[in-house]
Number of protein chains: 2
Amino acid sequence: MDRTAAYVALESLIRTIPDFPLPGILFRDITPLLKDPSGFREAVDLFVHRFEGEPIDRVVAIEARGYMLGAPLAYRLGAGFVPVRKPGKLPGTKHVESYTLEYGTNSLEIHDDAVGHGERVVVVDDLLATGGTAAATGRLLERLGARIVGFAFLIELTELGGRSLLRGHDITAFVRY
Amino acid sequence: MDRTAAYVALESLIRTIPDFPLPGILFRDITPLLKDPSGFREAVDLFVHRFEGEPIDRVVAIEARGYMLGAPLAYRLGAGFVPVRKPGKLPGTKHVESYTLEYGTNSLEIHDDAVGHGERVVVVDDLLATGGTAAATGRLLERLGARIVGFAFLIELTELGGRSLLRGHDITAFVRY
């Protein structure tokens with residue numbers, strides 16, 4: 001399948017569910033894509049094709065849907081896998097960065113030995129919306145001295161302008177709404 | 001690397017952290033293994049070798065560390081990937097099963113269209129402890145009419161007896177404490 005056909009096939013496997021998790025929100029549900037063997041393979045392969053041939057030390061993925069795409073990407077690239085986690089999940093010494101939600105703040109954590117100084121990393125999540133979690137992940141990685149090769153998302157909700165929070169970085173998104 | 005050498009190498013990459021998340025608990029931290037390119041590859045390949053050659057329709061993984069191993073397994077087997085999630089994360093119509101914790105109960109959810117009747121599935125998580133989450137996942141899959149080919153874990157804490165809750169099922173664990 002050529003690359004354009006893959007995008008179209010993937011988009012047809014993403015289900016839109018209105019009013020989840022809150023009234024007025026259109027939730028883009030990737031579970032029909034993940035459960036489809038061809039869809040899942042095509043989605044992972046889009047990420048692989050974007051980064052193969054570049055030296056990548058670690059794939060850093062954001063809890064929890066980022067793991068579903070980032071882990072197979074790390075495996076295919078021969079890279080290590082690093083989870084960025086929600087508070088209280090990581091047992092070792094760690095860094096914490098907060099980000100703003102519509103009401104209040106939340107935070108993300110990374111082990112302080114997860115990535116070495118100068119190591120080349122790719123950041124993966126399923127969705128780029130406001131960019132808050134991706135930008136917080138970027139700040140965690142900068143504190144560790146990582147070189148961020150790029151941010152990659154399956155979906156981008158363009159009207160939310162998340163790209164502006166990641167200015168200066170390479171950003172890839174395969175399905176845009 | 002032969003299979004036995006792989007087990008030994010993996011065990012050396014699992015870090016034990018005392019008193020996490022509660023005093024008296026020895027937490028088996030797999031993040032050093034995941035971030036190591038060879039360790040991550042070996043760990044995924046152990047799961048792949050266990051199931052390759054058998055027809056597997058979907059790999060079902062338990063939130064959240066199960067996704068880190070289950071997603072690359074699904075990719076390698078050419079299967080679909082199905083996340084079992086904690087409450088409130090899945091947007092579609094779903095089934096819920098509760099399980100007992102030391103204090104109180106928690107529950108896990110699966111979309112009701114995640115697996116079709118008679119489909120062959122493998123259940124993946126990082127750790128088999130008391131078996132409560134794995135058994136709840138098994139009940140969710142039985143409600144969908146799935147055929148559970150096996151449960152597979154990177155680590156088994158044998159003294160907690162989790163196998164007894166999965167009686168009658170094929171169980172694989174690669175590192176046992």
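An account of the accompanying structure is given in this report.

What counts and what doesn't
Residue numbers restart at each chain and count upward from 1, following the sequence in its written direction. Here chains are named by letter from A upward and ligands by number from 1 upward, in the order in which they appear as written. Owing to the predicted nature of the model, reporting of local features is limited to residues with pLDDT of at least 70; listing and counting of side-chain atom pairs is limited to 80 or more, with chain, interface and lining totals taken over all residues. Processing note: side-chain calculations cover all non-hydrogen atoms of the structure and skip hydrogens and water entirely. In this analysis, two residues are considered to be in contact whenever any of their non-hydrogen atoms come within 4.5 Å of each other. Here the buried area means the combined drop in accessible surface, using a 1.4 Å probe, for two parts upon being joined, counting both sides. Between Lys or Arg on one side and Asp or Glu on the other, a salt bridge is scored when a side-chain nitrogen of the former is within 4 Å of a carboxyl oxygen of the latter. Counting from the N terminus, the helices are the DSSP runs of H or I reaching at least four residues and the strands are the DSSP runs of E reaching at least two. Between the first and last residue of a helix there are one fewer steps than residues, each counted as 1.5 Å, and that sum is the expected span. Buried, partly exposed and exposed residues are distinguished by accessible area as a fraction of the type maximum, computed with a 1.4 Å probe on protein chains only: under 20%, between the cut-offs, and over 50%, respectively. Under this definition, polar contacts are N or O atom pairs within 3.5 Å; protein pairs additionally need one hydrogen-donor-capable and one acceptor-capable atom, and for neighbouring residues in sequence, both atoms have to be side-chain atoms. For two strands to be treated as a pair, DSSP must find at least two bridges joining them. Only C-alpha atoms enter the line fits that serve as axes; for helices the fit covers just the stretch in contact. Angles between N-to-C directions range over 0 to 180 degrees.

### Observations concerning the interface of chain A and chain B
Phase 1: Between chain A and chain B, the residue contacts involve 42 residues of the former and 42 residues of the latter.
Phase 2: Around 3400 Å² of area is buried between chain A and chain B when both sides are counted, 60% of it from carbon and sulfur atoms.
Phase 3: Taken as a group, Lys35, Tyr75 and Pro91 of chain A account for 23% of the area that chain A buries against chain B, more than any other trio of residues on that side.
Phase 4: Counting every contact that joins chain A to chain B gives 2 salt bridges.
Phase 5: Close ionic contact of arginine 15 of chain B with aspartate 113 of chain A constitutes a salt bridge, the shortest N to O distance being 3.0 Å.

### Some remarks on helix α3 (residues 37-51) of chain B
Residue and element names in this part refer to chain B.
Phase 1: Counted at 1.5 Å a residue, the expected span for α3 with its 15 residues is 21 Å, and the 22 Å between its end C-alpha atoms agrees.
Phase 2: Residues of α3 that are buried: Gly39, Phe40, Ala43, Val44, Asp45, Leu46, Phe47, Val48 and Phe51.
Phase 3: Of the residues that open α3, the one with a side-chain oxygen 3.2 Å from the backbone nitrogen of serine 38 is aspartate 36.
Phase 4: Count one or two residues on from α3 and you reach glycine 53, which has phi positive near 95°.

### Details of the side chain of glutamate 156 of chain A
Residue and element names in this part refer to chain A.
Phase 1: Structurally, glutamate 156 is set in strand β8 (residues 147-156).
Phase 2: The class of glutamate 156 is buried, set by a relative accessible area of 3%.
Phase 3: Here the side chain of glutamate 156 touches arginine 176 through a polar contact of 3.1 Å, side chain to side chain.
Phase 4: Those residues in contact with glutamate 156 that lie beyond four places of it in its chain are Leu128, Arg163, Ala173, Val175, Arg176 and Tyr177.

### Let's talk about the pairing of strand β3 (residues 58-62) of chain B
All names here are of chain B.
Phase 1: Counting buried residues in β3 gives 5 out of 5 residues, a clear majority hidden from the surface.
Phase 2: Both faces of β3 are covered, namely the face carrying Arg58, Val60 and Ile62 and the face carrying Val59 and Ala61.
Phase 3: Two elements, β3 and strand β4 (residues 80-84), share 5 bridges in a ladder whose sense is parallel. Bridge pairing links valine 59 to phenylalanine 81 in β4.

### Things to note about the sheet that holds β3 of chain B
Residue and element names in this part refer to chain B.
Phase 1: Read from one edge to the other, the open sheet built from 5 strands follows the order β4-β3-β7-β8-β9, with strand pairing classed as parallel. Where the open sheet ends on each side, the last strands, each with one partner, are β4 and β9 (171-176). The mean angle between the axes of side-by-side strands here comes to 20°, regardless of whether they run parallel or antiparallel.
Phase 2: The sheet strands contacting helix α5 (residues 132-143) are β3, β4, β7 (120-128) and β8 (147-156), and the helix crosses β8 at an angle near 165°.

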